[in-house]
Structures are given as structure tokens and as C-alpha cells.
Amino acid sequence: VININLSWFVKLILKKYFVKSIKSNNYQIEIGSILNSSFQTLLSNDYNKSKKVIIVDENTKEYCLEYLITSFTELSDAEIIELPSGEENKQLDICIQIWEVFTEYCFDRNILVINLGGGVISDMGGLIASLYKRGVHFVNIPTTLLSMVDASIGGKTGVDLGVYKNQVGLFSFPKRVFIDTIFLTTLEANQIKNGIAEMLKHGLIVDASHWNEVLKCYQSTHSITDDLIYQSVCIKNEIVEKDPLEKNIRKKLNFGHTVGHALESYFLEKENHILHGYGVAVGILIESYISFKLGLLEQGSFYEVRGAIHQIFEKVNFAKEEISKIIEIMRNDKKNENGQIKMILLKSIGICLIDQSVSESQINEALHWYLNDY
Ligand SMILES: NC(=O)c1ccc[n+]([C@@H]2O[C@H](COP(=O)([O-])OP(=O)(O)OC[C@H]3O[C@@H](n4cnc5c(N)ncnc54)[C@H](O)[C@@H]3O)[C@@H](O)[C@H]2O)c1
């Protein structure tokens, strides 16, 4: 009993006081309590003289901001900029309004932008910072599971153009990313599932044991451990480090996203939104089905993916008549080349292939299969 308690105690102390640090492309990702991270020295040394500008949405303003500003006295006179939450507001006109506010406040090029929020805030806040006066420094403090394991790392910033996802944006890396799971305590259960989809994707594309562990953990506890979050961040980071501008292997991270983004866009237009991760989950299933049908993925592995997605995610419903419109959106996918829809397909759990041409009739058949099978 003493041994068990001791190891539990040691783990608790380690978790509380030790921050894990991951080196990325010229910046650092820190995972652990932000109170023990380098955020303090960043504010009081590196950006001592800089105006701090914290970008939030109404929910992170309510649930996350107070913790941050009461923990760091350097933020007591920070400017708070609130963006409206939600994918439908990830648009350039909102960025323009924020640049106008920055200009009105006479913010100079030395400001530090602190993006406190989910993926919408890090995507937009990153873009706002990167284009204001040709670029000011920014850090990301992700507050959703999805942004911790995915959106806040890797340097992709951007906005949607109408319903077209991330159509306008640029690669621009933050100065640092601070991942503190304390922010997850106020997150709704569906937002945890939203992040689980990207974690499962990380396992499927490069690491079968991560796939197994995330599944096992989520199925038994309906939550996720800090260790698995760390592993997921490492997987994404390793890929991004090798190919920061997505010329080659970074494309792997788009597995599930050809179909996922098209569905997300389609539902944005209908004002009946689906969460990013739910779109990705459908994408994982349909793109695995196509992999199976093309003889790349063996049946047992395909059934395993199908079983897991069915168990965790509810069906995303659309009518058969809507399929052609969903495919039409895919024609604008960023991975396409010479008018050909390109996908990432699975060879096995843990191994994927990039730049695979898939015909519209194959996608059409797969979307019909999805509607009948679920
Ligand atoms: N740049 C990238 O590499 C990348 C990768 C994946 C996804 N994305 C983008 O990320 C976006 C999705 O991110 P998301 O799922 O984090 O969505 P989000 O930013 O919209 O956050 C989801 C919801 O949770 C609320 N919220 C955030 N933190 C909270 C907290 N701690 N407590 C309570 N509520 C909280 C938000 O206000 C919002 O309503 C999409 O736009 C997607 O395209 C980008």
C-alpha cells in the first residue's frame, strides 16, 4: 500500500512541478502547469517592455482569462481583445476589425499577442499577429483538447473564405506554446471527443500503439491522460519539424480531412454546424473505407477503425441528394493537383500513403456506404 501511495504521490508532484519541453521549428512547446513554465520569464524578461495583448473569445474570457491574469502580475495591464466564438466567425472581416482596433490603440511592432483559446483563436490570432505591421510576436495558450494536440502547434494560421476552410492564411510559427490541461476542466464533453478525433488520427497515420492507447483510455474513462496528450503533441511535432511547409510528409496530418473539411464546410453553409473533430471522424471512417476498397487496407484493420469511430462518434446525417454538393466542395481541397482529388490513405493502422488520387465516383460510393452503414 505504501508503495502504491508513494508512486501516486511522486506522480502528482512530477505533474505539478515539472513541465515537459519539446523543441520545434525555432520555438518551444511546454506541457505542464503554466505556473511552472517559462511563461513568467518570457513576460518579465524577453517581453518586459512590450504591450501584452490577449486574444480571447467570450468563453475563454469567462473560463480561462481570470486564471491567467491573476497568476501573472505582468498581465495586469494587458489589453484584452475579444473575438466572437465559433467557426462561422473565422473570417477575414473579423481580422480587419481587430487590425483597426490595434491601430486605434497605436500598438507598435513590439507587442506580444497571447492567443488564449481553441483552434479558432490560435488560427485567427496567429494570422492577425503575423500580418499586423508585417508581423508581431505571438504565443499560443490552447484551451481545448483539439487545440492542445493539433491547432496551436505547427504554425498554420488562417481564416475560412465563406465556407471554404482555411482558404486564406500563412505558415507562421509562434514564439512559444504553453499547454496546461487545467483549462480542460471547463470544456464540454463533446469538445473532448472533438480532440480525440485528431489524437486517433495521429495514431492511425504513424503510430499504432498511440491509436490503441488513446482508444483504450477514452473507452474506459471518457477522458484522456496528460501523457497521451504529450505523445500526440510529439507525433505532430515530429512530422512538422521534418516538413514545416507541407511539401511532403506533413500531408499525412490531413488524413480524414478531405472528407472532414468538406462536411464541415457544407454544414457551415447550412448553418447547422458540426465540430471540426466530428467531421474528421467521419473523414477517418470514409477514407479508411476507400483505403479498404482499393485493396490497401486489410479488412480486419478497416473493421477495427469502423468499430472505434462508431462507438465514439454519433452519425453525421446528410441526405443522399446532398452528396454531390459535398463532393463539389472537395474539388477545392488544398491537396488537389491538376484537378484530381488527392487523399491520404491508410496502408495499415500506423502507416499511411500521401498523394493518392481518388475518383469522384469512389468518393460518391463511399459517402453512400457511410449513410447506409451507420
Ligand atoms: N492550425 C492548425 O494546424 C489546425 C489544426 C486543427 C484544427 N484547426 C482549426 O481549429 C478549429 C477548431 O478548434 P477548436 O475545436 O478548438 O474550436 P474552438 O476554438 O471553436 O473552440 C471550441 C469551443 O470551446 C470554447 N472553449 C474554448 N476553450 C474553452 C474552455 N477552456 N472552457 C470552455 N469553453 C472553451 C470556445 O469558445 C468554442 O465555443 C477549426 O477552425 C480548425 O480548422 C487548425
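Going by the structure above, here's the rest.
All values derive from a computational prediction rather than experimental measurement.

J.: Please explain unusual backbone geometry as it appears in this structure.
T.: The phi angle of most residues is negative, glycine excepted, and most peptide bonds adopt the trans form. Although it is not a glycine, Arg-134 sits at a positive phi angle of roughly 65 degrees. Within the secondary structure layout, Arg-134 lies in the loop between α6 (119–131) and β6 (137–142). Using a relative accessible area of 79% as the deciding quantity, one classes Arg-134 as exposed.

J.: Whenever I open this one, the pattern of salt bridges confuses me. Can you help?
T.: Between side chains of opposite charge, a pair can form when the charged atoms approach closely. Under the defined criterion, the tally for this structure stands at 22 salt bridges. Across the pair Glu-87 and Lys-165 runs a salt bridge whose closest N-O atoms are separated by 2.9 Å. In this pair, Glu-87 sits in the loop between β4 (79–83) and α5 (92–104) while Lys-165 sits in strand β8 (residues 164–171), placing the two residues 78 residues apart along the sequence. The exposure class of Lys-165 is buried, given its relative accessible area of 6%. With a shortest N-O distance of 3.1 Å, Glu-264 and Lys-165 are connected by a salt bridge. With a gap of 99 residues between them, Glu-264 in helix α11 (residues 257–269) and Lys-165 in strand β8 connect regions that are remote in the sequence.

J.: Help me out: how do you make sense of the sheet that holds strand β5 (residues 112–117) in this one?
T.: By way of backbone hydrogen bonds, the strands of a sheet pair with one another, either parallel or antiparallel. Across the sheet, seven strands lie side by side as β1-β2-β9-β6-β5-β3-β4; this open sheet has mixed pairing. If you trace the sheet from one side to the other, it starts and ends with β1 (20–24) and β4, each paired once. Here the strands of the sheet are splayed against their neighbours by 20 degrees on average, with no regard to which way each runs. Pairing analysis gives five bridges linking β1 to strand β2 (residues 27–31), with the strands arranged antiparallel. Counted as the bridge partner of Lys-23 is Gln-28 from β2. On the sheet, α6 packs against β3 (52–57), β4, β5 and β6 and is oriented at approximately 165 degrees with respect to β5. Across the sheet, helix α10 (residues 226–242) is in contact with β1, β2 and β9 (176–179); its angle to β1 comes to roughly 15 degrees.

J.: When you look at the site of the ligand in this model, what are you seeing that I'm missing?
T.: Asp-57, Glu-87, Thr-144, Lys-165 and Thr-186 are the nearest of the 27 residues found near the ligand. A distance of 2.8 Å separates an oxygen atom of the ligand from a polar atom in the side chain of Asn-194. Out of a free accessible area of 860 Å², the ligand has 90% covered by protein chains. Of all elements in the fold, only α3 (58–63), α6, α7 (145–151), β8 and α8 (189–206) reach the threshold of two or more residues within the shell around the ligand. For the shell around the ligand, the residue count by class is seven nonpolar, 12 polar and eight charged.

Reading the values: the criteria
- Numbering of residues starts from 1 in every chain and runs along the sequence as written.
- In view of the model being predicted, local features appear only for residues whose pLDDT reaches at least 70, and side-chain atom pairs are presented and counted only at 80 or more, with totals across whole chains, interfaces and linings using the full set of residues.
- The basis for every side-chain value is the complete set of heavy atoms in the structure, and neither hydrogens nor water enter the calculation.
- Helix and strand definitions here come from DSSP, where helices need a minimum of 4 consecutive H or I residues and strands a minimum of 2 consecutive E residues; each element is numbered from the N-terminal end.
- Only protein chains enter the accessibility calculation, which uses a 1.4 Å probe; a residue whose area is less than 20% of its type maximum is buried, one above 50% is exposed, and one in between is partly exposed.
- What counts as a salt bridge is simple: a side-chain nitrogen of Lys or Arg found within 4 Å of a carboxyl oxygen of Asp or Glu.
- Strand pairing is assigned whenever DSSP detects at least two bridges linking the two strands.
- Where helices are involved, their axes are fitted lines through C-alpha atoms of the stretch in contact, as for all axes, and angles between N-to-C directions lie from 0 to 180°.
- Contacts: residue pairs with any heavy atoms within 4.5 Å of one another.
- Nearness here has a simple test: a residue counts as near a molecule or strand if at least one of its heavy atoms is within 4 Å of that partner.
- Between N or O atoms, a polar contact is any pair within 3.5 Å; within protein, one atom must be a potential hydrogen donor and the other a potential acceptor, and residues adjacent in sequence are included only when both atoms are from side chains.
- Exposure was quantified through the Shrake-Rupley algorithm and a 1.4 Å probe, taking into account, for residues, occlusion by the shown protein chains and nothing else.
- Only Asp, Glu, Lys and Arg are considered charged, only Ala, Val, Leu, Ile, Met, Phe, Trp, Tyr, Cys and Pro nonpolar, and every remaining residue, Gly among them, polar.

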